[in-house]
Every structure is written in C-alpha cells, then in structure tokens.
Amino acid sequence: MIHDWNNRFSDNMREYGGYSIGKLFALLTDPEIISLAGGLPSPDMFLKHEMRLVSRRVLEEDIEKVMQYTPIKGEKVLLDAIVQFLNRDNIQVTDENIVVTSSGQHGLDLIGRLFLNPGDIVLLDRPTFAGAIVAFQMQRPEFAGVDIEEDGSDIEGFRKKIEAFRKEGRKPKFIYVVPDFQNPSGITMSLEKRLALIDLSREYGIPILEDSPYRDFRYQGETIPSIYSLDQKDGGGNVIGLYTFSKLFCPGLRVGFNIGPSEVIEAMTNIKEGNVLNSPKYNQDMCAAFLTEMNMEEHILKCRKYYGEKLKVFLSTMEEYFPPELGVTWTKPEGGLFLWVTVPEEIDTHELFYEAVKHKVAFVPGDVFFGENPARNTMRINFSFASKDQLVAAVERLAECIRGQLSL
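In this report, the structure presented in the accompanying data block is examined. (Residues numbered from 1 in each chain as written. Predicted model: local features only at pLDDT ≥ 70, side-chain atom pairs only at ≥ 80, totals over all residues. Heavy atoms only, no water.)

### Some words on the overall build of the protein chain
For step 1, the next point in the chain: Looking only at helices and strands, the protein chain features 14 helices and 13 strands.
For step 2, the next point in the chain: Radius of gyration (C-alpha) of the protein chain: 21 Å, near the 22 Å computed for a compact globule of 408 residues.
For step 3, the next point in the chain: With respect to the three principal axes, the spread of C-alpha positions in the protein chain is 60 × 60 × 60 Å.
For step 4, the next point in the chain: In the protein chain, which comprises 408 residues, the share counted as buried stands at 56%.
For step 5, the next point in the chain: A separation threshold of at least 6 residues defines the contact pool for the protein chain, and within that pool the share at least 24 residues apart is 75%.
For step 6, the next point in the chain: Put simply, the protein chain has 45 plus and 60 minus side-chain charges, and the middle of one group is 2 Å from the middle of the other. (Helix = DSSP H or I, 4+ residues; strand = E, 2+ residues; numbered from the N terminus. Rg over C-alpha atoms; globule rule 2.2 N^0.38 Å. Buried < 20%, exposed > 50% of the residue type's maximum accessible area, 1.4 Å probe, protein only. Contact = heavy atoms within 4.5 Å. Lys, Arg positive; Asp, Glu negative; His and termini not counted. Charge placed at Lys NZ, Arg CZ, Asp CG, Glu CD.)

### Notes on the packing of helix H5 (residues 104-115) against helix H10 (residues 262-274)
For step 1, the next point in the chain: Where H5 meets H10, the axes come as close as 10 Å, and the angle between the chain directions of the two elements is 105°. As judged from the angle between their axes, H5 and H10 are roughly perpendicular. Between H5, through His 106, Leu 110, Ile 111, Arg 113, Leu 114 and Phe 115, and H10, the contact on the second element is made entirely by Val 264, Ala 267, Met 268, Ile 271 and Lys 272.
For step 2, the next point in the chain: Taken together, the residues of the contact of H5 with H10 sort by class into eight nonpolar, one polar and two charged. (Axes fitted to C-alpha atoms, helices over the stretch in contact; angles between N-to-C directions. Parallel < 35°, antiparallel > 145°, perpendicular 65-115°, else oblique. Nonpolar A, V, L, I, M, F, W, Y, C, P; charged D, E, K, R; others polar.)

### Some remarks on the environment of Leu 78
For step 1, the next point in the chain: On the secondary structure map, Leu 78 appears in helix H4 (residues 76-87).
For step 2, the next point in the chain: A relative accessible area of 0% means that Leu 78 is categorised as buried.
For step 3, the next point in the chain: In sequence terms Leu 78 and Phe 314 are 236 residues apart; their C-alpha atoms lie 36 Å from each other.
For step 4, the next point in the chain: Apart from residues no more than four positions distant in its own chain, Leu 78 is found in contact with Val 100, Phe 245, Val 255, Gln 284, Cys 287, Ala 288 and Leu 291.

### A short note on the side chain of Gln 284
For step 1, the next point in the chain: Relative to the elements of secondary structure, Gln 284 occurs in helix H11 (residues 281-292).
For step 2, the next point in the chain: For Gln 284, the residues in contact, after removing those within four places along its chain, are Thr 70, Gly 74, Glu 75, Leu 78, Val 100, Val 255 and Ser 279.

### As for the pattern of salt bridges
For step 1, the next point in the chain: Counted under the stated rule, the structure contains 31 salt bridges.
For step 2, the next point in the chain: The salt bridge involving Asp 216 is made with Arg 88; its shortest N-O contact spans 2.9 Å. Placement of Asp 216 in the loop between strand S6 (208-211) and helix H9 (227-233) and of Arg 88 in the loop between H4 and strand S2 (98-101) is noted, with a sequence separation of 128 residues between them.
For step 3, the next point in the chain: Residue classification places Arg 88 among the partly exposed residues on the basis of a relative accessible area of 33%.
For step 4, the next point in the chain: Members of the salt-bridge network, linked through shared partners, are Asp 62, Glu 75, Lys 281 and Asp 285. (Salt bridge = Lys/Arg side-chain N within 4 Å of Asp/Glu carboxyl O.)

### Re the nonpolar core
The nonpolar side chains of a soluble globular protein tend to be buried, and buried together.
For step 1, the next point in the chain: Phe 136, Tyr 176, Leu 197, Phe 245, Phe 249 and Phe 322 are the most contacted members of the largest nonpolar core, which totals 122 residues.
For step 2, the next point in the chain: Considering every element that reaches this core, the biggest residue donor is helix H12 (residues 296-321), with nine residues.
For step 3, the next point in the chain: Residues contacting Phe 245, with those up to four places away along its chain left out, are Leu 78, Ile 82, Cys 250, Val 255, Gly 256, Phe 257, Cys 287, Phe 290 and Leu 291.
For step 4, the next point in the chain: By size, the runner-up hydrophobic cluster in this structure holds seven residues, among which are Ala 130, Val 364, Val 368 and Phe 370. (Core = buried A, V, L, I, M, F, W, Y, C linked by side-chain atoms within 4.5 Å.)

### Some points on the packing of aromatic side chains
For step 1, the next point in the chain: Taken as a whole, this structure holds 15 aromatic pairs when the rule is applied.
For step 2, the next point in the chain: When the ring of Phe 136 is compared with that of Tyr 176, the centres are 5.8 Å apart and the planes differ by 85°; the resulting orientation is edge-to-face. Here Phe 136 is found in helix H6 (residues 130-137), whereas its partner Tyr 176 is found in strand S5 (residues 174-177), with 40 residues between them in sequence.
For step 3, the next point in the chain: Residue Tyr 176 is classed as buried on the basis of its relative accessible area of 0%. (Phe/Tyr/Trp six-rings, centres within 6.5 Å; stacked < 30°, edge-to-face > 60°.)

This is how it looks when you write it as structure tokens:
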C-alpha cells in the first residue's frame, strides 16, 4: 500500500492548494446566511423560457449530433455567431482567431499551459482575479503585482517592474488585466491607460492578456473601446482576449472562448486536444442561440437595469452604515458585479470572514486576490445575486460585525 501519495505528485501539483474561494463556499450552507461572496448572476436574469424552446428544437432536430463528439476548435455555428458578437465591439476576427473553451477558467488554464514555465514572470494588478492567479499557479510562475489605481492599471508601475527585471536579464511572459469593471475591485481602465498599455506592450514585446467577462454590464458612463480593438486598429497582434458566457447568459453551460493571433489559437487548440478534447455540442448550441435567436441586446439592457438598481441600493446602504469615522472605504463601480472594500488595517478579513458568518453574512477575504504580499484588510463584495432587501440586511450585519471588531 502506498502511504505517501504526496511525494508521487508532480512538482507543479505537490504544493498546489486549488481555489480557496470555492473552499469557503462549502461553509455557507446555512440558508439564513446572505452571501455576498460568489460571482453569481441572478437567476432572475436567466432566459429560462427561451432556453426551453431552443433545447426542444435542438434535441428534436439534432439529437444524434448533440450526443456525439464535436470539432475540437468549436462548433461552426458558434464560431460564426462569435464573429458577429465581436463585430459589435469593433473587433474583427475569423474562425482561425477563435477557440471555444469550457468556461473562462478553462481559457485561463490554456494560457498558463501555453506560456508559462516554472519561474516565469506574470505581470498583473494588485488586486486581480483570483481565478487567474489559481490557474497560472499550476505552472509555478512568479507573480509581479502593481497596485491598481482609480482609473485602472498603474502603467508606469508596470514599466518600472519591467525595467527592474530587464536589469536581471528577465522579462515577463505577459501582462494580465481585467480592464472593464475588474474582478474584484470593479475599477475600469481609462482610455488613456489602455493606449499606454498597448504602447508598453509593443515597446518591450510583452503580450497583453485581456479578460472580458463583464464588459457588457455597464450601468452608467461611456463605454471605452476594448484593448483588443485598440491594438487591432493599429496593426494588432499583441493582445489575447478571454471571454465567457457565464455572466452574460448562463454559468451552468460552462462555455467561453479565447481570441488572438492564429498561431496562438492553434497552439491553444492543440492543448485543448490534450485536456478536455472538445466542448459539449449542446452547450455550444445554446450559446449560439443566445447570440442569434434570444434577443441578446434586449437581455443585456434588462441586465443593466436590474444589476444597476442593485448597485445603487448597495452603495447608498454602505453610505448609511459606514460613516467616514469608521475608516471603511469602498470602490464605486460603473458596472460589473463586484466592488472592493477596505477596512482599518488592524482587521484581518480572513479572520473577519468567520465572524461575519456568525452574523449571517459572507464575503470573500481580499488576500486571495493577490499573487504575492496580500493586503489582509480588504474584501470583495458581490451585489448581483442577493435581493435588494437582502443587500440592505447584509450591509447592516457587516457593519455590526466590523464595529464589533474595532471595539475589541
């Protein structure tokens, strides 16, 4: 009998701890807990009737193909729909620039496998999406973070990091950003910084990885061109884009896609052959129907109104329960599903999480959103899933919990 399996694991996996956010969710089984933790879209926004209709048609007309293996790169009907979907955002691609993924997380995994060797440098914001960190960690890279600013990534901070590595004879493999309503902060990168980031990428020959799960969820202000479209406008070739249907349509289908130069997409497709092989046809058909048959634009408008109203309720309630003297601050996003809360430094939000659960409210401690040297007095809040009344109650409970910690 083998008694020590850990020593048989690969070097990459031996110390790998997985996705800590998912482990926290296992503690939230009490139905009285109001969870502001997960990045869940509201079931109120699910296109349930439309999906039933399309499902019936697909299963009646195409059931043998649904039950069979499908093209590894993606179903043609979905690839064509994605081309049109991106056209509305001034991005011009063809099939050779797209690979369908089994969720945005799968897309991140493909990036990590394709580009990273142990010790390679990933340049990113502080904080940034924890799912990206955990995906890249499997390849054991070195994370180099720069504190995000109110208008997005600190481009000059990136430059200083690059120059410091350059003196060591090293260079980051890519720069990872979530420019629109960033998870976890809700911050959006300004147009000036997007252009500066592209210039930086070209100057040093470092690709940009643009993660875009929330781009269509803008509730106020003007839409800013994507980094991919800005790069493409001036020749292109420096940006890889990641997309998912999880937030916009349906997380349960687990479908997304990556876009980029054809040689990059071909290499990702080769990796996909070796891990998931192909994405389920039924799931792809549902997403293609969402893009072409389910009045997507009307759905997006409804989502903007619905989530925008929830965000207003949440922000106004935060103002009510967290006066300035309490020392709690938070971001004020123009869209997306998240905002970022900073509490006084004496509070460790990882410890606060367990106290908050006792108060029947949950959030995600901020330390998981840092590749290195985490800020432990921060937290991510999701406002999309809970009802408006629950959001008010959750803020009240959170305020009571934090006041209790400050009085200890």
